[in-house]
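Commentary on secondary and tertiary structure
In case you want the letters, here they are:
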Amino acid sequence: MRIAVVHGPNLNLLGVREPDVYGTATLDDVNHALAGLADELGAVVEPFQSNSQGAILDFLAEVRGRVEGVVVNPAGLGHTSVALLDGLLATAKPFVEVHLSNPASRERFRRHSYLTPAAVGVVAGFGVDSYLAALHCLVNHLRRQRGADPGETPPGRG
């Protein structure tokens with residue numbers, strides 16, 4: 001099972017940008033933690049980060065044939081981008097929206113996301129654990145869609 005992980009604008013600055021809001025983990029730390037969990041779950045993650053909406057849309061178009069789902073931290077694009085929503089919908093894959101902080105507890109403009117109504121789910125407010133929970137839940141969701149027990153050990157594991 002292959003899962004795309006999209007990190008939106010400014011997430012390349014994790015660990016140095018507003019650590020009181022976003023924590024001290026770097027993007028490399030996040031990707032390493034995701035790869036470790038994916039391995040435990042019998043999955044593979046394909047991470048991508050860009051500050052450019054166009055590059056993110058190109059990535060989504062490129063991976064649509066090789067991934068089964070998407071974990072996406074849209075960052076500020078979630079509040080502003082119908083194009084990102086359209087790009088995710090064009091993959092025809094389920095996606096989980098992730099936020100390190102809790103947008104509902106922040107500025108009013110952060111409380112709306114164009115992605116949320118189309119997402120399988122949203123995980124927010126738990127820092128890096130938000131990404132891990134999103135990956136775990138998406139893998140379970142995909143297994144249920146296949147008719148597999150989400151708790152069963154992947155082939156070749158255990």
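Every value quoted in this text rests on a predicted model; they were computed, and no experiment measured them.

Next up on the list: the overall build of the chain. Scanning the chain from N- to C-terminus turns up 6 helices and 5 strands. Going residue by residue from the N terminus, the α and β elements of the chain occur as β-α-α-β-α-β-α-α-β-β-α. By residue count, 44% of the 158 residues in the chain fall in the buried class. If you take every contact in the chain between residues at least 6 apart in sequence, the share linking residues at least 24 apart comes to 77%.

Between the first and last C-alpha of helix H2 (residues 27–41) there are 21 Å, a value that for 15 residues agrees with the 21 Å anticipated at 1.5 Å per step. Those residues of H2 lying buried are Leu27, Val30, Asn31, Leu34, Leu37, Ala38 and Leu41. On an axial view of H2, the arc spanned by its buried residues comes to 130°, and they lie on one face. Opposite the buried face of H2, by more than 90 degrees, sit the exposed residues Asp28, His32 and Glu40. Taken together, the buried residues of H2 touch strand S1 (2–7), strand S2 (44–49) and helix H6 (128–146). Glycine 42 sits one or two positions beyond H2 and adopts a positive phi of about 75°.

The next subject is helix H3 (residues 53–63). Ile56, Phe59, Leu60 and Val63 are the residues of H3 that are buried. One side of H3 holds all its buried residues, which, seen down the axis, span an arc of 100°. Summarising the geometry of H3, the exposed residues directed more than 90 degrees from the buried face are Asp58 and Ala61. Tucked inside the fold, the buried residues of H3 contact S1, S2, strand S3 (69–73), helix H4 (77–80) and helix H5 (82–91).

The subject of this paragraph is the packing of H3 against H5. Taken N-terminus to C-terminus, the directions of H3 and H5 make an angle of 10°; their axes are 9 Å apart at the nearest point. The angle between H3 and H5 places the two elements in the roughly parallel class. Residues Gln53, Ile56, Leu57 and Leu60 of H3 touch H5, and the partners they reach there are Ala83, Leu84, Gly87, Leu88 and Thr91. Classifying every residue of the contact of H3 with H5 by side-chain character gives 6 nonpolar, 3 polar and no charged.

The next thing to look at is the side chain of asparagine 31. By the element assignment, asparagine 31 lies in helix H2. Assessed through its relative accessible area of 18%, asparagine 31 is described here as buried.

What counts and how
- Residues numbered from 1 in each chain as written.
- Predicted model: local features only at pLDDT ≥ 70, side-chain atom pairs only at ≥ 80, totals over all residues.
- Heavy atoms only, no water.
- Helix = DSSP H or I, 4+ residues; strand = E, 2+ residues; numbered from the N terminus.
- Buried < 20%, exposed > 50% of the residue type's maximum accessible area, 1.4 Å probe, protein only.
- Contact = heavy atoms within 4.5 Å.
- Expected span 1.5 Å × (residues − 1).
- Arc of directions from axis to C-beta.
- Axes fitted to C-alpha atoms, helices over the stretch in contact; angles between N-to-C directions.
- Parallel < 35°, antiparallel > 145°, perpendicular 65-115°, else oblique.
- Nonpolar A, V, L, I, M, F, W, Y, C, P; charged D, E, K, R; others polar.

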